[in-house]
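Coordinate analysis (summary)
Residue-level listing of the chains:
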Amino acid sequence: MSPTVHEVRNAIRVATSRFEREFGASFTKEELQAICEALEVDVDGGGRPSTTRMRRLIRAQVGIAESPEAADDSSFRKAELQAIADGVGASSEP
């Protein structure tokens, strides 16, 4: 049986040194920053980058989109989460 979206998100959290969550929840801004760091994505800027920008950069970095400009900025879908998990070296197997 394939892992659930919640299990894949938690595997990504663990791979980026974040805490697992007992309930399903989208990534926080801090978790997105940790994913960007793990993928060696330069988020630019002096302050905290927006969640929209980080999602776009992550999608481009793992090959979901051709460029950040062409990337969707919505929450990640299961197939996208699996690509991200592969990119950060996460294991979502029980």
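This text follows the structure it describes.
Residues numbered from 1 in each chain as written. Predicted model: local features only at pLDDT ≥ 70, side-chain atom pairs only at ≥ 80, totals over all residues. Heavy atoms only, no water.

1. Remarks on the overall build of the chain
Selection criterion: Numbering of helices and strands runs from the N terminus; a helix is a DSSP stretch of H or I covering at least four residues, while a strand is a stretch of E covering at least two. Each radius of gyration reported is based on C-alpha atoms, and the globular scaling rule is 2.2 Å times the count of residues to the power 0.38. Classification of residues uses two cut-offs on accessible area relative to the type maximum, computed with a 1.4 Å probe and protein chains only: under 20% is buried, over 50% is exposed, and between them is partly exposed. Note on contacts: a residue pair is in contact if any heavy atoms of the two residues lie within 4.5 Å. Residue exposure ignores everything except the shown protein chains as possible cover, and the areas themselves are Shrake-Rupley values with a 1.4 Å probe. The charge count includes Lys and Arg as positive and Asp and Glu as negative, but it does not include His or the ends of the chains. Where a charge lies is defined by one atom per residue type: Lys uses NZ, Arg uses CZ, Asp uses CG and Glu uses CD.
A count of helical and extended segments in the chain gives 4 helices and 0 strands. For a compact globule of 94 residues, the expected C-alpha radius of gyration is about 12 Å, and the chain comes in at 12 Å, within 12% of that figure. In terms of its C-alpha atoms, the chain occupies a principal-axis envelope of roughly 40 × 25 × 20 Å. Here the chain holds 94 residues, and the buried ones make up 36% of them. Contacts spanning at least 24 positions in sequence make up 32% of the contacts within the chain whose residues lie at least 6 apart. Accessible surface computed for the chain: about 5500 Å², of which carbon and sulfur atoms make up 46%. Placing the 12 positive and 16 negative side-chain charges of the chain at their respective mean positions leaves the two points 6 Å apart.

2. Topic: the nonpolar core
Quick note on the threshold: We call a set of buried Ala, Val, Leu, Ile, Met, Phe, Trp, Tyr and Cys residues a nonpolar core when their side-chain atoms join them within 4.5 Å.
Core analysis: the biggest nonpolar cluster contains 19 residues, and I12, F27, L32, I35, I58 and F76 have the highest contact counts within it. The set of elements that each furnish at least two residues to this core consists of helix 1 (5–15), helix 2 (29–38), helix 3 (51–61) and helix 4 (78–88).

3. Considerations on the packing of helix 1 against helix 4
For the record, the criterion: Between the N-to-C directions of two axes lies an angle of 0 to 180 degrees, each axis being a line fitted to C-alpha atoms and, for a helix, fitted only over the stretch in contact. Reported orientations rely on four angle classes, namely roughly parallel under 35 degrees, roughly antiparallel over 145, roughly perpendicular from 65 to 115, and oblique for the rest. Rotating anticlockwise by less than a right angle from the far helix to the near helix defines a left-handed crossing, while the corresponding clockwise rotation defines a right-handed one. Side-chain classes are defined by residue name, with Ala, Val, Leu, Ile, Met, Phe, Trp, Tyr, Cys and Pro counting as nonpolar, Asp, Glu, Lys and Arg as charged, and the others, Gly among them, as polar.
Where helix 1 meets helix 4, the closest approach of the two axes is 9 Å, and the angle between their N-to-C directions is 25°. The orientation of helix 1 with respect to helix 4, classified from their angle, is roughly parallel. When you trace helix 1 past helix 4, the crossing you get is left-handed. Touching V5, V8, R9, I12 and A15 of helix 1 are K78, L81, Q82, I84, A85 and V88, all from helix 4. Residues of the contact of helix 1 with helix 4, tallied by class, amount to 8 nonpolar, 1 polar and 2 charged.

4. Some words on the side chain of T16
Examined against the element boundaries, T16 turns out to sit in the loop between helix 1 and helix 2. Beyond its immediate sequence surroundings of up to four residues, T16 is in contact with A34, I35, A38 and V88.

5. Some words on the environment of E69
Assignment of secondary structure puts E69 in the loop between helix 3 and helix 4. Residue classification places E69 among the exposed residues on the basis of a relative accessible area of 66%. Placed 58 residues apart in sequence, E69 and A11 show a C-alpha to C-alpha distance of 27 Å.

6. A closer look at the pattern of salt bridges
This is how it is decided: Salt bridges are identified by distance alone: a Lys or Arg side-chain nitrogen within 4 Å of an Asp or Glu carboxyl oxygen.
Using the criterion set out here, one finds 5 salt bridges in the structure. Here R21 and E31 are joined by a salt bridge, their closest N and O atoms 3.6 Å apart. Of the two residues, R21 sits in the loop between helix 1 and helix 2 while E31 sits in helix 2, which places them 10 residues apart along the sequence. Look at R21 and you get partly exposed, because its relative accessible area is 25%. You can call E31 buried: its relative accessible area is 6%. The residue E80 makes a salt bridge to R59 at a minimum N-O spacing of 3.0 Å. Here E80, found in helix 4, pairs with R59, found in helix 3; they are 21 residues apart in sequence, far enough to count as distant. The two residues E80 and R59 agree in class, both being buried. Each of R13, R21 and E31 takes part in one network of salt bridges that share partners.

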